[in-house]
Each structure stands twice: as structure tokens, then as C-alpha cells.
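Residue-level structure breakdown
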Amino acid sequence: MSQEIGFFYGSTTGMTEDVAYRIEAYIKEKHGLEIVPINIIDLDDPNDMFLYKRIILGMPTWNYGEYQDDWEQVVDKIASANLDGTVIAMFGLGDQIGYPEYYLDALGMIGEQLSAQGATFIGEWPTDGYKYTSSKAVKANGKFIGLALDEDSQPEKTQERLEAWVDQVLPQLLA
């Protein structure tokens, strides 16, 4: 198993891809590390992402609480992955105003599946400052399982949020 950090995302409209590359740029600029994001559709085998013991995953929630198309090819693979000892930091994009009852549901659904396979999560995020009615990404402690972003309704908050989140999770991923 690799001791490096794997960084994977899926994106249809380009927003999640853009955020992934903004995270990459911030990590390089602030921390001097190169962690290159990979679109999961570019993987020969989606199982390759599970070769890493430290992973950053990015995903949008699509339509009415659905997986984004790129993640559809990975969801079935999760059930056969042994993720014991794997540390995962996730970020998700959603539209809390347009789809308030499904905000970041894909993040929560994928997180639940990864957890069932033994993954440990870092980078939970407070729900303060968001306006949604329901989210499968909210854990029992009232926080999002990962970084919550809304490029539709709160794009002006994205950079500050992603920098604070990276500063939180990167030391844990490097430990």
C-alpha cells in the first residue's frame, strides 16, 4: 500500500474539478507539497483509489440527492474494498438553496459506504452558516462528514473554507 496521499474527484459541470485544483494549488503554495487531483473517470480501475491509505475525495450531489455520474462507477466497488486503516478526508459540493432537502447527500451516502468497509474519516465540518433542510452528510454530532461547499449560493466563501479545511486535514493525512 502506498504511503502517499491519493486525491480523487468526480465532476460533471467542472465545479468540483475547479475546487479540487484550488485545493491542489493551496496545498502547494502554503505547504509546499504536490498532491495532484485525479478525475475518477481517468482511472483504468476505480479500485486503484483504494490502494492509498490516505485519501482525499471530492464529489458533488447531483439532482435530487443522487450520485454524480463519475461516482456511479465507483459506488459498486466500495463494497469489496478493505479500508481498515484507511484515512479519508472528503469534500462535497451541493446547492443548498435549489435543493435544500438533498444538500450534500452524495457525500453522506458515499461516506456511509466507506465507513462500512472500515474507513476512518477526518475533516468534519460545522453546519453553521448553511441554509438547508436536510442532508445525509450530517453526522450524529451535528457536523458534516467533510467540507461542505456551495458554488451556486455561496461561492464567495469557498476559498476561505477550503483553506481552513486543508489546514485542518493535511497534518492528519501526513501523520
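Throughout what follows, the structure given in this document is the object of discussion. (Residues numbered from 1 in each chain as written. Predicted model: local features only at pLDDT ≥ 70, side-chain atom pairs only at ≥ 80, totals over all residues. Heavy atoms only, no water.)

1. Comments concerning the side chain of N39
In plain terms, the rule: Each helix is a run of H or I in the DSSP string that is no shorter than four residues. Each strand is a run of E no shorter than two, and both are numbered from the N terminus. Whenever a nitrogen or oxygen atom comes within 3.5 Å of another N or O atom, the pair is scored as a polar contact, on the condition that within protein one atom can donate a hydrogen and the other can accept it, and that pairs from neighbouring residues in sequence are kept only if both atoms are in side chains. In this description, contact between two residues means that some pair of their heavy atoms is separated by no more than 4.5 Å.
Summarising the element assignment, N39 is placed in strand β2 (residues 38-39). At a separation of 3.0 Å, a polar atom in the side chain of N39 contacts the main-chain amide nitrogen of I41. Beyond its immediate sequence surroundings of up to four residues, N39 is in contact with Y9, G10, S11 and D70.

2. Some words on the nonpolar core
For clarity, the threshold we go by: The definition of a nonpolar core used throughout is a set of buried Ala, Val, Leu, Ile, Met, Phe, Trp, Tyr and Cys residues joined through side-chain atoms within 4.5 Å. Only protein chains enter the area calculation, which uses a 1.4 Å probe; residues under 20% of their type maximum are buried, those over 50% are exposed, and those in between are partly exposed.
Membership of the largest hydrophobic core comes to 55 residues, with the highest contact counts inside it found for L57, F91, L114 and W165. Top element by residues in this core is helix α4 (residues 158-174). It accounts for 6 residues.

3. Quick word on the pairing of strand β5 (residues 87-93)
So the rule is basically this: Here a strand pair is declared whenever DSSP counts at least two bridges between the two strands. Assignment of crossover handedness uses the view with strands pointing away from the viewer, where a clockwise path from the first strand over the helix to the second indicates a right-handed crossover.
Burial runs high along β5: 6 of the 7 residues are buried. Strand direction decides the pairing type here: strand β3 (residues 52-62) and β5, joined by 7 bridges, are parallel. Residue pairing for β5: I55 is matched across the bridge by I88. Pairing between β5 and strand β6 (residues 120-122): 3 bridges, direction parallel. Considered in β6, the bridge of V87 is made with T120. Where the polypeptide runs from β5 across helix α3 (residues 105-116) and back to β6, its parallel neighbour, the crossover connection is right-handed. Pairing geometry for β5 and strand β7 (residues 147-149), over 3 bridges, is parallel.

4. Concerning α4
One turn of the α-helix equals 3.6 residues, which is why residues spaced by three or four share an orientation. The test is simple: A helix is expected to reach a length of 1.5 Å times the quantity of its residues less one. We define the bend at each residue as the angle formed by axes fitted to the 7 residues ending at it and the 7 residues starting at it.
Relative to the 24 Å expected for 17 residues at 1.5 Å per residue, α4 spans 23 Å between its end C-alpha atoms, a close match to the ideal helical length. Considering bend angle alone, the principal kink of α4 is centred on D167 and spans about 25°; proline P171 follows within four residues of it. Of all the positions in α4, only T158, R161, L162, W165, V166, V169, L170 and L173 are classed as buried.

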